[in-house]
Amino acid sequence: MRGDTLKKKLTILCAVAVMICTCLTGCGVNAGKIRFGSAGIGGTYQIFGDTFANLVTSKSKNYNIEVKTTAGSAANLRLLSKDYIQMAVAQMDLINDAYERTGIFENDKKYQGYSAIASLYTEACQIVVPADSSIHSIEDLEGKKVSIGEEESGTEQNAIQILSAYGLNEKLVDEVNLDYTNAAKKLNSGDIDALFCTAGVQTTVINELAKQRKIRLISLDQKGIDRLKKSYKFYTEYSIPENTYTDQTQPVKTVGVKAVLLASDKLSEDTVKQITKILFANEQKIQYALPVDISLDEKTAVEGITIPFHDGAAAYYKQYGITVNTEKGSN
């Protein structure tokens, strides 16, 4: 009898243990924290990250997105590939470079383990100087002290590429790495002569700077734009409309890159499908919060993305008759 009773107790304990494990596994996939890599404070990534996290958390009790401040696109890709964060926004040019080990990642390992969810909007490469500055072209940056963005940020890569297209490098330009907020402060105080900022327009930090002192944005000439588009396939010609910023009376010609929402491959298909659904269902609320025009249309959101999509995002798009690539390359 005692043996039978012991067996029954062991059977019950095993069953309970299996139920607990199943529950914990499910909770880990669906109810655990999802860390979201944004970028520096004051940029569009940070605003999008906060808005999106609040939306997802309020729409579903299963998901709790925690936004983390990072150095930007390149840092986000490294953090994603190592699973320190599970979602992020990054520039398409850097995403492809990290995935294929080209560009600034050429001598590094491949950073994979993440997939695309959607293209959000085009980010403009903006070059800001004081309105009374003698700087009127990229060539005029020679000999000047210029913030090229944080280290490992998309802004830094874009700044280096734009300067290079005009024959400038770190020997000819005094390059400093500052986040947007500190760059704006130092431009306002006269400690730097110009700042680069790659972000969706109207960029909050530039908008606030324009209220504190008069500024000007530098246009790229057509030859420079053509050189950049020829050398780097992710650049598109972009015009910042007049009156985007205070006292900006003329449109500004520059180049832009896509901002893409990414998810770790370790997130389940169901989790990413539900989050993708929340993203598109709340396009208007996200738009109200952002200073940039987003492109949350199922057809345009899959355009221009060169890496595979997450299975969960693919399942969402399939409902709308849209097929996307989900095939992962070898690591």
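Everything quoted here is computed from the prediction, not taken from an experiment.

Thresholds applied
Residues numbered from 1 in each chain as written. Predicted model: local features only at pLDDT ≥ 70, side-chain atom pairs only at ≥ 80, totals over all residues. Heavy atoms only, no water. Phe/Tyr/Trp six-rings, centres within 6.5 Å; stacked < 30°, edge-to-face > 60°. Helix = DSSP H or I, 4+ residues; strand = E, 2+ residues; numbered from the N terminus. Buried < 20%, exposed > 50% of the residue type's maximum accessible area, 1.4 Å probe, protein only. Lys NZ or Arg CZ within 6 Å of the ring centre and 35° of its normal. Contact = heavy atoms within 4.5 Å. Polar contact = N/O pair within 3.5 Å; in protein donor to acceptor, adjacent residues only side chain to side chain. Salt bridge = Lys/Arg side-chain N within 4 Å of Asp/Glu carboxyl O. Patch = residues over 30% accessible without salt bridge, like charges linked within 9 Å, V, L, I, M, F, W, Y side chains within 5 Å. Areas by Shrake-Rupley, 256 points an atom, 1.4 Å probe, with all protein chains shown as cover. Lys, Arg positive; Asp, Glu negative; His and termini not counted. Charge placed at Lys NZ, Arg CZ, Asp CG, Glu CD. Axes fitted to C-alpha atoms, helices over the stretch in contact; angles between N-to-C directions. Parallel < 35°, antiparallel > 145°, perpendicular 65-115°, else oblique. Left-handed = near helix turned anticlockwise from the far one by under 90°.

## Quick notes on the packing of aromatic side chains
The full count for this structure, using the stated rule, is eleven aromatic pairs. Plain terms: the ring middles of Phe 36 and Phe 52 are 6.2 Å apart, the flat faces sit at 55° to each other, and that makes the pair tilted. Here Phe 36 is found in strand 1 (residues 33-37), whereas its partner Phe 52 is found in helix 2 (residues 44-59), with 16 residues between them in sequence. Overall, the relative accessible area of 0% leaves Phe 36 in the buried class. In this structure Phe 52 comes out as buried when scored by relative accessible area, which is 1%. Arranged with centres 5.4 Å apart and planes meeting at 10°, the rings of Phe 48 and Phe 52 form a pair that is stacked. Separated by four residues within a single helix, Phe 48 and Phe 52 lie in helix 2, roughly one turn from each other. Phe 52 carries the same exposure label as Phe 48, and that label is buried. The ring of Tyr 166 has Arg 227 lying over it, and the distance from NZ or CZ to the ring centre is 5.3 Å.

## A few points about helix 3 (residues 73-81)
Burial within helix 3 is extensive, with seven of its nine residues counted as buried. For helix 3, the full list of buried residues reads Ser 73, Ala 74, Ala 75, Asn 76, Leu 77, Arg 78 and Leu 80. Among the residues trailing helix 3, Asp 83 stands out with phi positive, at a value near 65°.

## Considering the side chain of Asn 96
Structurally, Asn 96 is set in helix 4 (residues 92-100). Among all residues touching Asn 96, those that are not within four sequence positions of it are Arg 101, Thr 102, Lys 233, Phe 234 and Thr 306.

## Quick look at the side chain of Thr 203
Along the chain, Thr 203 falls in the loop between strand 7 (194-199) and helix 7 (204-212). Residue Thr 203 is classed as buried on the basis of its relative accessible area of 0%. A distance of 2.8 Å separates the side chain of Thr 203 from the backbone oxygen of Gly 200, its partner in a polar contact. Setting aside residues no more than four positions away along its own chain, Thr 203 makes contact with Gly 42, Gln 126, Cys 197 and Tyr 245.

## Quick notes on the pattern of salt bridges
This model, assessed by the stated rule, comprises seven salt bridges. For the salt bridge of Glu 66 with Lys 33, the shortest nitrogen-to-oxygen distance reads 3.6 Å. Note that Glu 66 is positioned in strand 2 (residues 64-68) and Lys 33 in strand 1, a separation of 33 residues in sequence. Residue Glu 66 is classed as partly exposed on the basis of its relative accessible area of 26%. In this structure Lys 33 comes out as exposed when scored by relative accessible area, which is 52%. The salt bridge involving Asp 108 is made with Arg 78; its shortest N-O contact spans 3.1 Å. Note that Asp 108 is positioned in the loop between helix 4 and strand 4 (114-130) and Arg 78 in helix 3, a separation of 30 residues in sequence. Within this structure, Lys 33, Glu 66 and Lys 68 form a network of salt bridges that share partners.

## Quick notes on unusual backbone geometry
Residue Gln 202 follows Val 201 across a cis peptide bond; omega there is 10°. By the element assignment, Gln 202 lies in the loop between strand 7 and helix 7. One non-glycine residue, Arg 101, lies in positive phi territory at about 60°. Take Arg 101: it is sitting in the loop between helix 4 and strand 4. Positive phi, close to 70°, is recorded for Asn 243, a residue that is not glycine. With respect to the helices, strands and loops of the structure, Asn 243 is situated in the loop between strand 9 (236-240) and strand 10 (252-264).

## Re a negative patch on the surface
Together, Asp 265, Glu 269, Asp 270 and Asp 311 line one region of the surface with negative charge. In this structure Asp 311 comes out as partly exposed when scored by relative accessible area, which is 39%.

## Some thoughts on the packing of helix 3 against helix 4
Two elements in contact, helix 3 and helix 4, have axes separated by 9 Å at closest approach and are oriented at 40°. Considering the angle they form, helix 3 stands oblique to helix 4. The element helix 3 and its partner helix 4 pack so that their crossing is right-handed. Residue-level contacts link Ser 73, Ala 74 and Leu 77 of helix 3 to Leu 94, Ile 95 and Ala 98 of helix 4.

## Observations concerning the environment of Val 67
Residue placement: Val 67 occurs in strand 2. Residue classification places Val 67 among the partly exposed positions, given a relative accessible area of 26%. As for Val 67 and Thr 51, which are separated by 16 residues in sequence, their C-alpha atoms are 9.8 Å apart.

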